[in-house]
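Below are the chains, spelled out letter by letter.
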Amino acid sequence: MGSCKSPHVVLLLYVLVCFVYQSFAFGVDTNQTAKLLVDASEASGRPISETLFGIFFEEINHAGAGGLWAELVSNRGFEAGGPNVPSNIDPWSIIGNESSLIVSTDRSSCFDRNKVALRMEVLCDSQGASSCPDGGVGIYNPGFWGMNIEKGKTYSVVLYVRSSGSINVSVSLTGSDGLQNLAAANIIASGSEVSNWTKVEVMLEAQGTNPNSRLQLTTTRKGFIWFDQVSVMPLDTYKGHGFRKDLVEMLEDLKPQFMRFPGGCFVEGEWLRNAFRWKETIGPWEERPGHFGDVWMYWTDDGLGYFEFLQLAEDLGTLPIWVFNNGISHTDQVDTSSVLPFVQEALDGLEFARGNPNSTWGSLRAAMGHPEPFDLRYVAIGNEDCGKKNYRGNYLKFYSAIKRAYPDIKIISNCDGSSRKLDHPADLYDFHVYTDAKNMFSMAHQFDHTSRSGPKAFVSEYAVTGKDAGTGSLLAALAEAGFLIGLEKNSDVVEMASYAPLFVNANNRRWNPDAIVFNSSHLYGTPSYWVQCLFNESSGATIFNATLQTNSSTSLLASAISWKNSENENSYLRIKIVNFGTNIVNLKIVVDGLEPNSINLSESTKTVLTSTNLMDENSFNEPKKVIPNRILLEKAGEDDEDTEVAISPHSFTSIDFLIESSFIRTTGADSVSVSSV
């Protein structure tokens, strides 16, 4: 698995070889020179927003259902075909043939909000002329393009069953063809024990590994059996809360300061009837009705619901940002005169998150195992709805009601306030940008001239898209790095920023590119993910004035921050440089405002993200083809004044200068020139 933690520290010999190679490949005579003047004095330093960089989760690309949420069964309640019967039960399939069993659906479930259940009429028997085939007949579920079953791990299988007689049902985890038996147990019960719906839980310890496994429910006993709400969950989940560990650990490494959820267009729906409504996603998972996400065109059981999103934010130690529907979808919308039920739903949602455990909705949160309130401080009223007929009127209804009940809540408008003043009150405004690489790089200056008064920007969705992006190219990542440097420099008016989309299941690419790509068992970060890693210390850091003097200013961007490593308490001056051009740049870094000899070059590092081709991508076969490589920043000579940093073409470089003891002066200090190969 990839990690934001430094991938490699290599010998100086390797560094010199790389430098010689670059000189040969690109031609020494094509090298350009530049100087970066950094004022690291206390007077120059400005605090970066504590919440500048975070993450945005949307249920898109099977990011949650079949991804972040560790449930292995797809369509566990047989509801994906809709509430009517007969229902489409895909991806459930039949083991046996029409002479041995008949599978159908009816509305006999014990759960009022999801009435569809599966009815299995077994025509064969354990003996006699109509004996069942070896292994029995029944149904199987392949999960989300294969269940990842790992040897030695335990899986909890929960299902609801009833029957007209006694049962002997085999519950097994097998290979995709049913031949490899990884784990199995039998449910044996008398007719009286299962005459009514009965919950059964079986723990299965895997005796083998197969990333393309399936769940089988089979029997050799004639009769009628009904199944509903069939779940398979690994016991080994992130902090025991049901999240797939390797995916969350990738998020952990980003050190996100906030998490926006659950969308995106997923919040709006193509039609309001298919919008995400938080009340339908809480309580026992068996009772959640689920819904069809008609924007991204797949069913979600909503096991990953409002409560789970709040829990995940807490587990990551980050601030939740709840995006809720404001009565507007892509196709229909509620008139402002009729929007109060939506307003009340939002207020109830805030009470669920923040109310005391004795309140109406807070008591439901407590019943779900979280008596203490969640730290919900931000809400976004709608998603990309500015300009729609009823948005402004609806927004004002929400704004006034929420501010009356929760005056501390920061409210985010969908309308862009970067170039002109908003015509309505807001604490932040949402800014989305998807564009080509050249334009994204130029947008480093997007907020240079934004008014320094009024609400601040939340750049909640940004990414290079189209042919420049592929499915996650170096070119896209470099352009985004330039854009993020611009956000750092404008962090007095940009409070938050997050890339989108965050996840994609490789079997369901509804959108390209994405930060993290996964299947049932593997994952990797795209170059855009690794760019975000190199900004993970920026939130709450101090940014200094950094001025580039270069004859190729259009292809270079740079910033300078100071930050402290919480693990070893070391302090660093971090210089980040994007070289969007085709030439090596010999960069001299001149730092003003430090005590003489305060930079320890021998323990400083240089991290570079680059590759041999701008369109290079990572993949399951080459997950580390384009990742940051960190090396020790060695002195090229005894005289620091004569050394330089070689900035590779088409690269993103992050240099961490280790600062010895207290070093910042408030007034004129000596200059320090620092550099290396």
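Residues numbered from 1 in each chain as written. Predicted model: local features only at pLDDT ≥ 70, side-chain atom pairs only at ≥ 80, totals over all residues. Heavy atoms only, no water.

A. How the structure looks around the overall build of the chain. Along the backbone of the chain there are ten helices and 35 strands. A compact globule built from 677 residues should have a C-alpha radius of gyration of about 26 Å, and the chain, at 28 Å, falls within 12% of that. Each principal axis of the C-alpha atoms in the chain carries an extent, and together these give about 95 × 60 × 40 Å. When each of the 677 residues of the chain is scored for burial, the buried share is 59%. In the chain, once contacts between residues fewer than 6 apart in sequence are set aside, the share between residues at least 24 apart is 76%. As displayed, the chain offers around 26,400 Å² of accessible surface, 49% of which is attributable to carbon and sulfur atoms. In the chain, the 53 positive side-chain charges and the 79 negative ones have mean positions that sit 4 Å from each other. (Helix = DSSP H or I, 4+ residues; strand = E, 2+ residues; numbered from the N terminus. Rg over C-alpha atoms; globule rule 2.2 N^0.38 Å. Buried < 20%, exposed > 50% of the residue type's maximum accessible area, 1.4 Å probe, protein only. Contact = heavy atoms within 4.5 Å. Areas by Shrake-Rupley, 256 points an atom, 1.4 Å probe, with all protein chains shown as cover. Lys, Arg positive; Asp, Glu negative; His and termini not counted. Charge placed at Lys NZ, Arg CZ, Asp CG, Glu CD.)

B. Region of interest: the pairing of strand β21 (residues 428-435). Taking burial as the measure, the eight residues of β21 include six buried ones, the bulk of the element. As paired strands, strand β20 (residues 410-413) and β21 are joined by two bridges and run parallel to one another. From the neighbouring strand, Ser413 faces β21, where its bridge partner is Tyr429. Across seven bridges, β21 lies against strand β22 (residues 456-464) in parallel orientation. Across the sheet, Val433 pairs through a bridge with Tyr462, a residue of β22. In terms of handedness, the path from β21 via helix α8 (residues 437-442) over to β22 forms a crossover that is right-handed. (Pairing = 2+ DSSP bridges. Right-handed = clockwise from strand over helix to strand, strands pointing away.)

C. View of the pairing of strand β15 (residues 258-261). Burial along β15 is two-sided: the residues Phe258 and Arg260 and Met259 and Phe261 are all buried. With two bridges connecting them, strand β3 (residues 55-56) and β15 associate as parallel partners. Opposite Phe56, over in β15, you have Arg260 as the bridge partner. The pairing of β15 with strand β18 (residues 319-324) spans four bridges and is classified as parallel. By the bridge assignment for β18, Met259 is matched with Pro320.

D. Spotlight on the side chain of Ser473. Along the chain, Ser473 turns up in the loop between β22 and α9 (474-489). On the accessibility criterion, Ser473 (0% relative accessible area) is buried. In this structure, Ser473 is in contact with Asp468, Pro527, Leu614, Met615, Asp616 and Glu617, ignoring residues within four places of it in sequence.

E. Inspection of the domain arrangement of the chain at higher detail. Parsing the chain into structural domains produces domain 1 (32-48 + 541-659), domain 2 (54-67 + 238-534) and domain 3 (93-234). Listed per partner, the contact involves 36 residues of domain 1 and 36 residues of domain 2. Remark: the boundary between domain 1 and domain 2 carries one salt bridge. When the shortest N-O distance is used, the salt bridge between Lys576 and Glu488 registers 2.7 Å. At the junction of domain 1 with domain 2, the criterion picks out eleven residue pairs in polar contact (both at pLDDT 80 or more). Residue contributions to the side of domain 1 that touches domain 2 peak at five residues, all from strand β28 (residues 556-564). Residue classes in the side of domain 1 that touches domain 2 are distributed as 19 nonpolar, twelve polar and five charged. (Domains from an automatic or database assignment. Salt bridge = Lys/Arg side-chain N within 4 Å of Asp/Glu carboxyl O. Polar contact = N/O pair within 3.5 Å; in protein donor to acceptor, adjacent residues only side chain to side chain. Nonpolar A, V, L, I, M, F, W, Y, C, P; charged D, E, K, R; others polar.)

F. Here's a closer look at the sheet that holds strand β5 (residues 101-106). Taken together, five strands build an open sheet; the order of strands is β5-β6-β14-β9-β12 and the sheet is antiparallel. At either end of the open sheet lies a strand with only one pairing partner, and these are β5 and β12 (198-205). Ignoring strand direction, the axes of neighbouring strands in this sheet form an average angle of 30 degrees. Bridge analysis of β5 against strand β6 (residues 117-122) gives six bridges, and the strand direction is antiparallel. For Leu101, the partnering residue across the bridge sits in β6 and is Val122. (Axes fitted to C-alpha atoms, helices over the stretch in contact; angles between N-to-C directions.)

G. Quick peek at the state of the cysteines. By the definition in use, this model includes two disulfides. There is a disulfide in this structure between Cys124 and Cys132, and the S-S distance comes to 2.0 Å. Taking the torsion about the sulfur-sulfur bond, which here is approximately 90 degrees, the covalent link between Cys124 and Cys132 counts as right-handed. Among the residues examined, Cys124 registers a relative accessible area of 3% and is labelled buried. Overall, Cys132 belongs to the buried group, its relative accessible area being 10%. The side chain of Cys386 participates in a disulfide bridge whose partner is Cys415; the two sulfur atoms lie 2.0 Å from each other. Taking the sign of the torsion about the S-S bond as the criterion, the disulfide between Cys386 and Cys415, at about 100 degrees, is right-handed. Within this pair, whereas Cys386 is found in the loop between β19 (378-381) and α7 (391-405), its partner Cys415 is found in the loop between β20 and β21, the two being separated by 29 residues in sequence. No disulfide involves Cys265; its sulfur sits 15 Å from that of Cys386, the nearest cysteine. (Disulfide = S-S within 2.5 Å.)

H. Layout of the packing of aromatic side chains. With the rule as written, the count across this model stands at 33 aromatic pairs. On the numbers, 5.2 Å between centres and 70 degrees between planes, the contact of Trp278 with Trp361 is edge-to-face. In this pair, Trp278 sits in the loop between α3 (265-268) and β16 (291-293) while Trp361 sits in the loop between α5 (340-354) and α6 (362-367), placing the two residues 83 residues apart along the sequence. Across the pair, exposure class does not vary: Trp278 and Trp361 are buried alike. Ring geometry for Phe431 versus Phe447: centroids 5.2 Å apart, planes at 65 degrees, classification edge-to-face. (Phe/Tyr/Trp six-rings, centres within 6.5 Å; stacked < 30°, edge-to-face > 60°.)

I. Region of the structure containing helix α4 (residues 306-315). Of all the ten residues making up α4, nine are buried; the element is thus mostly covered by neighbouring parts of the structure. Turning to α4, the residues buried within the fold contact α2 (245-253), β15, β18, α5 and α6. Gly317 sits one or two residues past α4 and shows a positive phi near 65 degrees.

J. Spatial organisation of the sheet that holds β22. Strand order in the open sheet formed by eight strands is β3-β15-β18-β19-β20-β21-β22-β23, and the pairing between neighbours is parallel. Two strands in the sheet have a free side with no partner beyond their single neighbour: β3 and β23 (494-499). In the packing of α4 onto the sheet, the strands contacted are β15 and β18, and the crossing angle to β15 comes to about 165 degrees. The strands that α7 touches are β18, β19 and β20; relative to β20, the one it contacts most, it runs at about 175 degrees.

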